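Secondary and tertiary structure notes
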Amino acid sequence: MSRPIQALINLSALQHNLIQTKAMVGAARVWAVIKANGYGHGLLRVAKALNQADGFAVASVEEAILLRQAGFLHPILLLEGLFDEAELQVVLQHRLDLVVHSHHQVDWLLAHSVKEPLHLWLKLDTGMHRLGFNEEGLHQALFRLKHHAPHFKCHLMSHLACAEDDHPLNQQQYQRLLAANQTYQFKLSLANSAAIQLAPTMHLNWVRPGIMLYGAGIAPQHITHFKPVMSLVSRVIAIKWLAAGEGVGYGQTWFATRPTCLAVVAVGYGDGYPRHAENGTPVIINNLRVPLVGRVSMDMITVDITDHANQIKLNDPVELWGEQLSVDEVAQHANTIGYELLCGITQRVKIKELTQNEV
Ligand SMILES: *Cc1c(COP(=O)(O)O)cnc(C)c1O
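Residues numbered from 1 in each chain as written. Predicted model: local features only at pLDDT ≥ 70, side-chain atom pairs only at ≥ 80, totals over all residues. Heavy atoms only, no water.

A closer look at the UniProt feature "binding site: substrate" (unreviewed entry) in the protein
When the UniProt feature table is mapped onto this chain, "binding site: substrate" (unreviewed entry) is found at Arg130 and Met298. Spanning 169 residues, the annotated positions stay apart in the fold, the maximum distance between their C-alpha atoms being 34.1 Å. Considering only the annotated residues already named, the ones lining the largest cavity are Arg130. Once residues lying within four places of it in the same chain are set aside, the contact partners of arginine 130 are Lys123, Asp125 and His159. Among the structural elements, methionine 298 can be located in the loop between β15 (288–291) and β16 (301–304). Methionine 298 sits in the partly exposed class, given a relative accessible area of 42%. (UniProt positions renumbered as here; feature names shortened; annotations may be inferred. 1 Å grid on protein atoms, 1.4 Å probe; cavity = no way out; pocket = protein on both sides within 12 Å on 5 of 7 lines; lining within 4 Å. Contact = heavy atoms within 4.5 Å. Helix = DSSP H or I, 4+ residues; strand = E, 2+ residues; numbered from the N terminus. Buried < 20%, exposed > 50% of the residue type's maximum accessible area, 1.4 Å probe, protein only.)

What follows is the structure in structure tokens.
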């Protein structure tokens, strides 16, 4: 038998989550965000399962080309737009939609006499202060585009900085977007997953759900309607007893305070399990919730199974995150977010799609 670490992907959960998202946003259209290899789940397999989305949003032309080559005809939005002038040819060839966040991108667009009715999502910086025009810059950019390329189809978007919290900036950003659009009446897009869950007013014309499609980042009031898509699983590869006072692992950062039964599990930071997972991070072995102890190594972790020593044996199944333990909870114990764990699954982890019988 080979090394037992696997990422199980439940594509019917992904489809379910899209249906739930659509039900939440009503008439708003959905850009399914599938950047970063579909948040670690695999770009093409995720796109196939999310076929009913109105469009796909990615971060690079490479991802967009893969989608086109696989035959997807959906609108595809490049979330950061052009990284250089040369990408414009690829964008035209593959009929991609662009975010436009800066004057230099407008320069690139106008330097070529583009005949196609490109769809542009002008990005307004409403307070995130990452990408986007300020209001004055937006009006200038739109003025230039209207005069030199009146056949381009312009829309307006922004991105919330604090959608996961009940933060006053959310409402300010929303109002700034609406105010900037008063003279234009463009189609609007603002909401990522957290904003979708925050308030229906945020949905506007197009929503941009990412993490919620994968069943993570769900607020408590919506949690029952979504299903986790990825389960990271492995097996117990050794069990041993320690005497009170004995230490565990690199740096001996954890000591047994009683006779302790330890399970060694084949997963480590070399697989994308977070090295900073603290003592007490939950792990599911044989459907039992047990605490990680000692440092995470590259290929292994150690788990205190003393309280269930008679119920756990060699080769028993382990879930690091998935249906019984949310990736968000694990992330909290590692001082990070579920996004990073999902995207961070490494090459050596075999991905297995669950069939209908297995889900
Ligand atoms: C990644 C991304 C999203 C999706 O965010 P989630 O929090 O995963 O829903 C939406 N909009 C933009 C601009 C993004 O970069």
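Digging into the nonpolar core
Core analysis: the largest hydrophobic core is formed by 114 residues, its most contacted members being Ile34, Leu122, Tyr273, Ile285 and Trp321. In terms of residue count, the dominant contributor to this core is helix α1 (residues 11–25) (5 residues). Every residue in contact with tryptophan 321, bar those within four places of it in the chain, is listed here: Met230, Ser231, Leu232, Gly272, Tyr273, Pro274, Ser326, Val327, Val330, Leu341, Leu342 and Ile345. Counting residues in each nonpolar core, the second largest holds 6 residues, with Val248, Trp254, Ala256 and Val293 among its members. (Core = buried A, V, L, I, M, F, W, Y, C linked by side-chain atoms within 4.5 Å.)

Description of the site of the ligand
Around the ligand sit Val33, Lys35, Tyr39, Leu79, His159, Asn192, Ser193, Arg208, Pro209, Gly210, Ile211 and Tyr339, and that is every residue in its neighbourhood. For the ligand, an oxygen atom lies 2.5 Å from a polar atom in the side chain of serine 193. Contact distances for the ligand include 2.9 Å between a nitrogen atom and a side-chain N or O atom of arginine 208. If the ligand stood free it would expose 390 Å²; the protein chains cover 94% of that surface. In a pocket analysis with a 2 Å cut-off to the grid points, the ligand is assigned to the second largest pocket. (Near = heavy atom within 4 Å. Polar contact = N/O pair within 3.5 Å; in protein donor to acceptor, adjacent residues only side chain to side chain. Areas by Shrake-Rupley, 256 points an atom, 1.4 Å probe, with all protein chains shown as cover. Sits in = over half its atoms within 2 Å of the grid points.)

Some details on the pattern of salt bridges
By the definition in use, this model includes 10 salt bridges. Linking aspartate 304 and arginine 258 is a salt bridge whose minimum nitrogen-to-oxygen distance equals 3.5 Å. Linking aspartate 304 in strand β16 with arginine 258 in the loop between β12 (254–255) and β13 (260–265), this pair joins segments that are 46 residues apart in sequence. Each of Arg3, Asp271, Asp299 and Arg348 takes part in salt bridges that share partners, so that together they form one network. (Salt bridge = Lys/Arg side-chain N within 4 Å of Asp/Glu carboxyl O.)

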